[in-house]
Amino acid sequence: MTPSIAELVRVFGRIGLLSFGGPAAQISLMHQELVENRPWLDEQTYLRALSLCMLLPGPEAMQLATYAGWRLRGVTGGLIAGALFVLPGACVIAILVGLYAAFGDLPLVQAGFLGVKATVIVIVLQALRNLSRKALTDTQHRAIAGLGFLAIFALNLPFPLIILAAAIWGYVTFDGQARVDDIPIAPKVTGMFRTAAFWLVMWLGPLLALTVTGQKLLSDLGWFFARLAVVTFGGAYAVLAYMTQTVVDKYNWVSTDQMIDALGLAETTPGPLILVTQFVAMLTGQMTGGASLAIAAGAVALWATFVPCFLWIFLAAPYLDQLAARPRLSAALHGITAAVVGVILNLSLWFSLNVLFQKIPEVSLGPVTLPWPELTSLNPAALILTMLAGLLIFKFKFGMATTLIIMAAIGTGLHYV
């Protein structure tokens, strides 16, 4: 069944508005809307598309929506589905940035954000637990996760290098056999080259224009988020450590506390969590040049982050059957996923230290540099709030959005104690 454009807009608009709860909830929602409730996609096609999106960099749920739209109505359908998955959350983020810039420094608001930050610690730990159960299935992948953690936590190695090493290791150590006889005939490569050329120009052309015209902040934001889009394997949590290293330590666009606040607010919005890039960009623009620069910075971040998603899908979608028949690619992905577990462990530790302690000097031992918090700088309120958030999520099974609201209210209440 081929839906009309109006039906496509209605269904994917609904998905975009209801896509809370991270990629697992979003993928489940799309399965319900596209496979169970409507005969738009069959089960096998949906699962193959999901496997393809997990192989690609970028937010897998948004790319799955784009693939579904492409499958149903070609490029037009893919553009509609992908855009509608992102735009509702992007609009909410823009409003939140304005409110945060206006009121974020008030003591009462900061008390509420302490509850949000405590919840973020638990949310990241929950993501770590869920991913590790699926990814660390044997000794080799547990070793990759451990090495990935040490590489970024102790040696401060770049995230893209860690991902590349894990992918190569997974690919070359694959001990099964590819189903060569089952690989279908691929479409003509001329179409692939045209698609790649068009979308590369669409993606990078505006960034080149910003560079040539001397828009330094906007071009720096655009090129960084474009690089981030290429290495976003394993979901937003995996690249947050790399993103934080750059936006906090290298460029000083935002502070550590603002970065944690950005993640907490992004958790409350529909759409992919990687919309945190828009929040960071808009907040940077707001603090540097006011509201007009904030809007421009947000648009640049959205463009640099999400246009490549259309590139990957429109380039790879016609070759889905060929990619699905090559197990070595799945082995490479499994290696990446294992390394991502180690990277998320680093992220959870980084969040915990920065929320719970006020002073975190570093200790260097040769090439190894470790954060070493001063125990006397422990914030008791943050510790209590973190434990309470853990109870709500792990014991009482509260959802993320509900827990964030409750903990923000409790943190605000502690301001009066």
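An account of the accompanying structure is given in this report. Worth saying up front: this structure is predicted, and the values here are computed from it rather than measured. Along each chain, numbering runs from 1 in the same order as the chain's sequence is written. Totals for whole chains, interfaces and linings use all residues, but because this is a predicted model, local features are given only for residues with pLDDT of at least 70 and pairs of side-chain atoms are given and counted only at 80 or more. As a rule here, side-chain values cover all heavy atoms of the structure and leave hydrogens and water aside.

## Topic: the overall build of the chain
Right, so step 1: In terms of helices and strands, the chain carries 17 helices and 2 strands.
Right, so step 2: In summary, the chain has a C-alpha radius of gyration of 21 Å against a globular reference of 22 Å for 417 residues, a match within 12%.
Right, so step 3: For the chain, the spread of C-alpha atoms along the three principal axes comes to 65 × 50 × 50 Å.
Right, so step 4: Whether a residue is buried, partly exposed or exposed follows from its accessible area with a 1.4 Å probe, protein chains only, as a fraction of its type maximum: under 20%, in between, or over 50%, in that order. The buried share of the chain, reckoned over its 417 residues, is 51%.
Right, so step 5: For the chain, restricting intrachain contacts to residue pairs at least 6 apart in sequence, the fraction spanning at least 24 positions comes to 73%.
Right, so step 6: In short, Shrake-Rupley with a 1.4 Å probe defines the accessible areas, and a residue's cover is counted only from the protein chains shown. Counting only carbon and sulfur atoms, one obtains 67% of the accessible surface of the chain, whose full area is about 18800 Å². Here a helix means four or more residues in a row that DSSP labels H or I, a strand means two or more in a row labelled E, and each is numbered from the N terminus. Only C-alpha atoms enter the radius of gyration, while the globule expectation follows 2.2 Å times N to the 0.38, with N the number of residues. Here a residue-residue contact requires only that any non-hydrogen atoms of the pair lie within 4.5 Å.

## Side note on the pattern of salt bridges
A side chain with one charge can pair with a side chain of the opposite charge if their charged atoms come near.
Right, so step 1: Definition used for salt bridges: Asp or Glu carboxyl oxygen within 4 Å of a side-chain nitrogen of Lys or Arg. In total, this model carries 5 salt bridges according to the counting rule given.
Right, so step 2: Between R14 and E33 there is a salt bridge; the shortest N-O distance is 2.7 Å. Taken together, the positions of R14 in helix 1 (residues 5–18) and E33 in helix 2 (residues 22–36) put the pair 19 residues apart, joining distant regions of the chain.
Right, so step 3: For R14, a relative accessible area of 44% translates into the label partly exposed.

## Examining the pairing of strand 1 (residues 362–365)
Right, so step 1: Whether two strands pair comes down to DSSP finding at least two bridges between them. Relative to strand 2 (residues 368–371), strand 1 runs antiparallel, the two being bridged by 4 bridges. Looking at strand 2, one finds that S364 is bridged to T369.
Right, so step 2: A loop of 2 residues connects strand 1 with strand 2, the two strands running antiparallel in sequence, and G366 in this loop sits at a positive phi of about 65 degrees.

## A look at the environment of A294
Right, so step 1: Here A294 shows up in helix 13 (residues 291–316).
Right, so step 2: Its relative accessible area of 2% is what places A294 among the buried residues.
Right, so step 3: Each C-alpha atom, one on A294 and one on M282, is 4.3 Å from the other, the two residues being 12 residues apart in sequence.
Right, so step 4: Filtering out sequence-adjacent residues up to four positions away, A294 remains in contact with M282, G285 and Q286.

## Points about the environment of Y319
Right, so step 1: Along the polypeptide, Y319 turns up in the loop between helix 13 and helix 14 (320–324).
Right, so step 2: A C-alpha to C-alpha distance of 9.6 Å links Y319 and M192, two positions 127 residues apart in sequence.

## Looking at the side chain of Q26
Right, so step 1: Following the sequence through the fold, Q26 ends up in helix 2.
Right, so step 2: In this structure, Q26 is in contact with S19, F20, A61, F85, G271 and P272, ignoring residues within four places of it in sequence.

## Comments concerning helix 6 (residues 139–153)
Right, so step 1: A helix's residues, less one, multiplied by 1.5 Å, set its expected span. For helix 6, which comprises 15 residues, the first-to-last C-alpha distance of 21 Å matches the rise-based estimate of 21 Å (1.5 Å per residue) to within 8%.
Right, so step 2: Those residues of helix 6 that sit buried are H141, I144, A145, G148, F149, A151, I152 and F153.
Right, so step 3: Packing partners of the buried residues in helix 6 comprise helix 5 (107–135), helix 7 (159–172), helix 10 (236–250), helix 15 (327–356) and strand 2.
Right, so step 4: Under the rule applied, a polar contact is a pair of N or O atoms within 3.5 Å (in protein, one hydrogen donor and one hydrogen acceptor; residues adjacent in sequence only if both atoms are side-chain atoms). Its side-chain oxygen placed 3.3 Å from the backbone nitrogen of Q140, D138 serves as the N-cap of helix 6.

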